[in-house]
Amino acid sequence: MGHSHGHKEILPDEHHITPFSVYMKVALALFALTFLTIAAHSVRQYLGPVAPLVAFAIAGVKAFLVMAWFMHLKYESMENRIVFALGFIFLVVLFGISITDILSRQLISGVL
Amino acid sequence: MSTSKMINGVPVQEHFKNAHHQFDTAKMGIWLFMATEILMFGGLFVGYAIFHMMYPEMFAEGARFLDWKLGFVNTLVLIFSSLTMALGIHFIQMNQIKKAVWALAITIVCGAIFMVIKYFEYTHKFHMGIFPGNLLDIAKLNEHLTAQGLDTVKSTNLGMYFGFYFCMSGLHGIHVIIGMGLITWCLIRAVRGDFNPNYYTAVEGVGIFWHIVDLVWIFLFPLLYLVG
């Protein structure tokens, strides 16, 4: 019944179409960052304790590129972004509570 | 499906206001599923972080047995497959169905290459006596290492590292196989002519699933192969 006034069902801007060239640039960046991960790994003895941080920082940038462009989160509605973000938020809660539990028991009684 | 009617190339089911409403509902379902995926893999990552903190030497010793070159090749393969998956959707949006079918086919082949490399990694470890948890045969592994003139294993709980390794990469591998099946389903539907620029919900959803498989691997690769 709602269609009886005859407005167009599919608005031209409903599905955002990412240009081919953008996908190529994102993929190139992802490949470059993967090589950068290996480059950082090969000099890990000079990086010392920051080596893991460098590796995960690069992984974080790659994850952002995949989520924003490949998974189209850049053009996704705010509701869906929040739904997906909730997964990460509760993961932080899980990590926070678990790590505090383990560390506090180790600090207080020295036993896990 | 009998209760849907075609509107502008989209089979809109009766309980939806319009195609837009139907697409948004499907998308929210996919994103909810993705949140659960993050939590499922996330639990394993949290466990890894905690036990790594407790036994850093043992984890470093375990990571020694992984060949980063194989993980590196698999990373490139998965990134490429994510690109072709995204292009598959792009080509359907542009109404170039033939190109979309090719892109999806290449994505499936990349998934297969990934699994073949994983197969060689796994069988090599089994051959050395490396299994998860208590199943790890430390005597057999040490025999292997001595024969090759390498240092024997010092950690008695090395099985824990490989428990994480096999659970995390195994769960990821199961996702790759399921993803390949889902992409095959999309490919068959694309060949059959189900999709058009106004209707490609299934490919979009499967695409998001495939990208999350890539996303998990982006973190698994440095975690298992490089940092250890």
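Let me begin by describing the structure that accompanies this report.

### Topic: the overall build of chain B
Working step 1: Helix and strand counts for chain B come out as seven helices and two strands.
Working step 2: Overall, chain B shows an N-to-C arrangement of helices and strands of β-β-α-α-α-α-α-α-α.
Working step 3: Here the C-alpha coordinates of chain B stretch approximately 70 × 30 × 25 Å along the principal axes.
Working step 4: A total of 228 residues make up chain B; the buried ones form 39% of that total.
Working step 5: Restricting to contacts in chain B with at least 6 residues of sequence separation, those with at least 24 account for 71%.

### Concerning the pairing of strand β2 (residues 10-13) of chain B
Residues and elements named next belong to chain B.
Working step 1: Burial along β2 is one-sided: V10 and V12 are buried, and none of P11 and Q13, which face the opposite way, are.
Working step 2: Across four bridges, the pairing between strand β1 (residues 4-7) and β2 is antiparallel. By the bridge assignment for β2, M6 is matched with P11.
Working step 3: Between the end of β1 and the start of β2, which pair antiparallel, lie two residues, with N8 showing a positive phi angle near 55°.

### Regarding the environment of F80 of chain B
Working step 1: Examined against the element boundaries, F80 of chain B turns out to sit in helix α3 (residues 68-93).
Working step 2: Between the alpha carbons of F80 of chain B and D214 of chain B there is a distance of 9.7 Å; along the sequence they are 134 residues apart.

### Describing the nonpolar core
All names here are of chain B.
Working step 1: Of all hydrophobic cores here, the largest spans 75 residues; its most connected members are L104 and I183.
Working step 2: In terms of residue count, helix α7 (residues 201-227) provides more of this core than any other element does, 16 residues in total.
Working step 3: In this structure, I183 is in contact with L104, T107, I108, V206 and W210, ignoring residues within four places of it in sequence.

Here is what the cut-offs are and how they apply
- Per chain, residue numbering runs from 1 following the sequence as it is written.
- Here the convention is simple: chains get letters from A, ligands get numbers from 1, in the order in which they are written.
- The predicted nature of this model means local features are confined to residues of pLDDT at least 70 and side-chain atom pairs, given and counted, to a pLDDT of 80 or more, with totals for whole chains, interfaces and linings taken over all residues.
- In DSSP terms, a helix is any run of H or I states spanning at least four residues, a strand is any run of E spanning at least two, and both are numbered starting from the N terminus.
- Three exposure classes are used, all based on how many other C-beta atoms lie within 10 Å of a residue's own C-beta (placed from the backbone): buried at 20 or more, exposed at 12 or fewer, and partly exposed between those limits.
- Contact definition: two residues whose C-beta atoms, as placed from backbone geometry, lie within 7 Å.
- Paired strands, in this sense, are two strands between which DSSP finds at least two bridges.
- Linking buried Ala, Val, Leu, Ile, Met, Phe, Trp, Tyr and Cys residues through C-beta atoms within 7 Å yields a set, and such a set is a nonpolar core.

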